[in-house]
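The primary structure of each chain is shown beneath.
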Amino acid sequence: MARRFLVTSGLPYSNGRLHVGHLAGAYLPADIFVRYLRSKGEDVLFVCGSDDNGVASLMSARKEGVPVQDLVTRYNAFQKEDFSRVGVEFDVYGGTHHPDFVEMHERISQGFFRSIHEKGFFEKKTSKQLYDVEAKQFLPDRYVEGTCPNCGNPDAHGDQCDRCGSTYDQIELIDPKSTVTGTTPELRETTHWYLRLGEFETPLREWLEAKREPHGDQPAWRDTVLNFALGQIKQGLPERAMTRDLHWGVPVPLDDPDAEGKVLYVWFDAPIGYVSFTAQHCADHGGDWKEYERWWKDSETRIVHFIGEDNTVFHALTWPAMMQAEGSYQLPAQVVANSFLNVKLGDTEEKFSKSRGNAVWLGEFLNEFDPDPLRYYLTAIAPESARTAFDLADLVQRNNSELLGALGNYVNRTLTFLQRFYEGVVPEVGERDERDLAQLARVAETQASMEKNLDAYRFKAALGDLMALARETNAYFNDKEPWKVRKTDPAAGGTILNVCAQTVKGLAVLMAPFLPYSAEVTREMLALPEGSLRWQDATVELPSGHVLGEPRLLFRQYELSEEQPTD
RNA sequence: GCCGGCGUAGCUCAGUUGGUAAGAGCGUAGGAUUCAUAACCCUAAGGUCGGUGGUUCAAUUCCACCCGCCGGCACCA
């Protein structure tokens, strides 16, 4: 019986386009995992969308001089296109303020908030904050500058000084200025609802401690996630305001004058986006939005969140606490967090940074390169346990020597050989010797190993298994010397090529989650029907006499040119 | 400062519960071969597993300290 998985990727903020670092962290691994599950016939829903609310999109809109709704809708569309071009196929790509999703998102977010409110987990508190009269908004720390109360540095930020390193409350800042309008903000009182996270310390700790061990078909969580989350609990979880003074977002759904003009904290409504996008998807495919409960409240579903390391605290602590407070949701079965991807330029390694202009934008990259080499490279260097660096020279190198040299070359030499000397037909199986049988067994062994690694979210290792098979198969081809054998004993040569053809089919199935485009081309060259690359069919043999399609090259050589798409 | 992570062959990295595992890929150098996108195959190189102590019959793998790099400790997403 098929298992059920609800897979999510962290919502990208809809105020910018995507770079390869985004892809490597939360999206590509999730897509590979989903493709793997699908090919096994599991019941999967893959959910993502843009995070449209909050201050950041508001600020970007102000900077670009466009209405915020236009901005987020535009970037949502860009992201959707970029993902599609690199083969990341979500079942639903929503947006927390996208016209097609905003109504559902508000309904579910507000219901979620009200439910927690009724259970008494919020605390209403009043505090003083800086308010920009001209911009008509309260100012988060990053939008205030002034003189450091500690060292007198005139260029200190709202909450900390870069010169002396001290931190302080924004209201201590001397001569504060709004970075939005440049005006001097005034101190105003404001009321917010705080989630008492402290009440969930014990249940969260027990829940997380249990994740150090495997559960059912789920492996233990990565240490990086557990250490970080448990460390936070050890330090004590503070109350956190779940509302903000903004006009852009989900209105606070309380019949209280103090809730006037306030919205939910963006990090409160963002994870609920996973739920509301699911609900909208159910409404659009079948008609009943309430079907989302099958995915979110039925313990038969495994909820798997793929995120970047910066989201760990929210997915391993805040979001589970919210779910526990709300009461009717089941907690995530797995939170897969990846580290950041740096970028290597020459000999220096640095973070992707818009201001430094070193980001490798996905859209631009795909204008120069095919999606599979990028998917291959980002998986091969996946920052699963530590940060790694994207290096274009390394990508080109690996594309040429590994992807093309080992995998592409093997597929090509086999299929062109069959085309030239065996009329493009899978030859008869003669007598298979030990080496032939060992070669065929290697396909099954590789599949088993990949399965073990994929089930444990070890994508880099699974890809390594695949490539090892490709290399070994090249050795098989060389050792068997079919180009000699076919002349002296055509039937024996046919037996060798039969084994080679079976291996090509196995590789097509096994590469599909990682290299979907190349797998499709291989499927066509093998003249197999669409949708036939099922995981369990990797070792089901092509029958003798099966007529193959026209061979084509899977990969092309890249050269490191002067004009690299890293600018 | 406190907490966490990392530091293994030229490069990128694997190393499960401590004991013939010190490994893979790439790069480099030889050799072989021609079916294949000058691709593929074979062989070699020998890195004090960041440093110093300690536990142990035995440590890259456990502990302590030190050095170096990175991250977290924000009403920032």
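Because the structure is predicted, anything quoted here is derived from the model rather than measured. (Residues numbered from 1 in each chain as written. Chains lettered and ligands numbered in written order. Predicted model: local features only at pLDDT ≥ 70, side-chain atom pairs only at ≥ 80, totals over all residues. Heavy atoms only, no water.)

Novice: Would you mind showing me how to read the overall build of chain A here?
Specialist: Scanning chain A from terminus to terminus reveals 17 helices and 17 strands. Taking 567 residues into account, the globule formula puts the C-alpha radius of gyration at 24 Å, and chain A, at 27 Å, falls close to it. C-alpha atoms of chain A, sized along the principal axes, occupy 95 × 55 × 40 Å. Once local pairs closer than 6 in sequence are excluded, the contacts in chain A between residues at least 24 apart make up 75%. (Helix = DSSP H or I, 4+ residues; strand = E, 2+ residues; numbered from the N terminus. Rg over C-alpha atoms; globule rule 2.2 N^0.38 Å. Contact = heavy atoms within 4.5 Å.)

Novice: Can you help me understand the nonpolar core in this one?
Specialist: Within soluble globular proteins, side chains that are nonpolar tend to cluster in buried spots. One finds Val 7, Phe 33, Phe 268, Trp 296, Leu 374, Leu 378 and Phe 390 to be the most contacted residues of the largest nonpolar core, which totals 158 residues. Inspection of this core shows a minimum of three residues originating in each of domain 1 (4-121 + 196-338) and domain 2 (392-537). Core analysis: the second largest hydrophobic core is formed by 20 residues, Val 68, Cys 148, Leu 173 and Trp 248 among them. (Core = buried A, V, L, I, M, F, W, Y, C linked by side-chain atoms within 4.5 Å. Buried < 20%, exposed > 50% of the residue type's maximum accessible area, 1.4 Å probe, protein only. Domains from an automatic or database assignment.)

Novice: Would you mind showing me how to read the domain arrangement of chain A here?
Specialist: Accessible area lost upon the coming together of the parts serves often as the stated size of an interface. According to the domain assignment, chain A consists of domain 1 (4-121 + 196-338) and domain 2 (392-537). The interface is formed by 19 residues belonging to domain 1 together with 15 residues belonging to domain 2. Summing both partners gives a buried area of about 1,400 Å² for domain 1 against domain 2, and 64% of it is carried by carbon and sulfur. Taken together, domain 1 and domain 2 are joined by one salt bridge. (Buried area = accessible area lost by both parts, 1.4 Å probe. Salt bridge = Lys/Arg side-chain N within 4 Å of Asp/Glu carboxyl O.)

Novice: Even after reading the chapter, I still don't get the layout of surface pockets, so can you show me in this structure?
Specialist: Which parts of space are left empty comes out when a probe the size of a water molecule is rolled across the atoms. The space that makes up the second largest pocket amounts to roughly 380 Å³. Of all the secondary-structure elements, those providing two or more residues to the lining of the second largest pocket are α1 (20-39) and α17 (516-525). Here the lining of the second largest pocket gets four residues from one element, more than from any other, and that element is α17. Looking at the lining of the second largest pocket, its residues break down into five nonpolar, three polar and six charged. Both domains that meet at the lining of the second largest pocket, namely domain 1 (4-121 + 196-338) and domain 2 (392-537), each give it at least three residues. (1 Å grid on protein atoms, 1.4 Å probe; cavity = no way out; pocket = protein on both sides within 12 Å on 5 of 7 lines; lining within 4 Å. Points joined across faces, edges and corners; volume = space filled by probe spheres on them. Nonpolar A, V, L, I, M, F, W, Y, C, P; charged D, E, K, R; others polar.)

Novice: Just checking my understanding: could you explain the state of the cysteines for this structure?
Specialist: One way to say it: the disulfide is the covalent bond shared by the sulfur atoms of two cysteines. This model, assessed by the stated rule, comprises zero disulfides. Among the cysteines around Cys 48, which has no disulfide bond, Cys 282 carries the closest sulfur, lying 17 Å off. A residue is classified by how much of its surface remains accessible, and Cys 48, at 0% relative accessible area, is buried. (Disulfide = S-S within 2.5 Å.)

Novice: Explain empty space enclosed by the protein here, please?
Specialist: Evaluation of the coordinates by the stated rule reveals two cavities of 30 Å³ or more. The space that makes up the largest cavity amounts to roughly 60 Å³. Together, Ala 24, Leu 28, Pro 29, Ile 32, Asn 338, Leu 378, Thr 379, Ala 382, Glu 384 and Phe 459 line the largest cavity. For the lining of the largest cavity, the elements supplying multiple residues, two or more each, are α1 and α11 (371-380). Here the element with the most residues in the lining of the largest cavity is α1; it accounts for four residues.

Novice: In this structure, what is going on with the protein's contact with RNA strand B? I would like to understand it.
Specialist: Neighbouring residues of RNA strand B: 45 residues in total, closest Tyr 13, Gln 129, Arg 413, Arg 420 and Phe 555. For RNA strand B, the backbone portion of the atoms within 4 Å of the protein, that is sugar and phosphate, comes to 67%. Contact distances for RNA strand B include 2.6 Å between a base oxygen and a side-chain N or O atom of Gln 129. With respect to RNA strand B, the side chain of Glu 402 contributes an N or O atom lying 3.0 Å from a sugar or linking oxygen. Where the surface near RNA strand B is concerned, the elements lending two or more residues are β4 (122-132), α6 (223-235), α7 (266-284), α12 (392-421), α14 (459-480) and α15 (482-488). For the surface near RNA strand B, the element with the highest residue contribution is α12, accounting for 12 residues. (Near = heavy atom within 4 Å. Polar contact = N/O pair within 3.5 Å; in protein donor to acceptor, adjacent residues only side chain to side chain.)

Novice: How should I be thinking about the pattern of salt bridges in this particular structure?
Specialist: Side chains carrying opposite charge are able to pair once their charged atoms draw close together. This structure, assessed with the given rule, holds 38 salt bridges. Of the charged contacts in the structure, one is a salt bridge between Lys 297 and Glu 293, with a shortest N-O distance of 3.7 Å. On the basis of relative accessible area, Lys 297 is assigned to the partly exposed category, the value being 28%. Given the relative accessible area of 30%, Glu 293 is considered partly exposed. One salt-bridge network, held together by shared partners, links Arg 4, Asp 43, Glu 291, Arg 294 and Asp 298.

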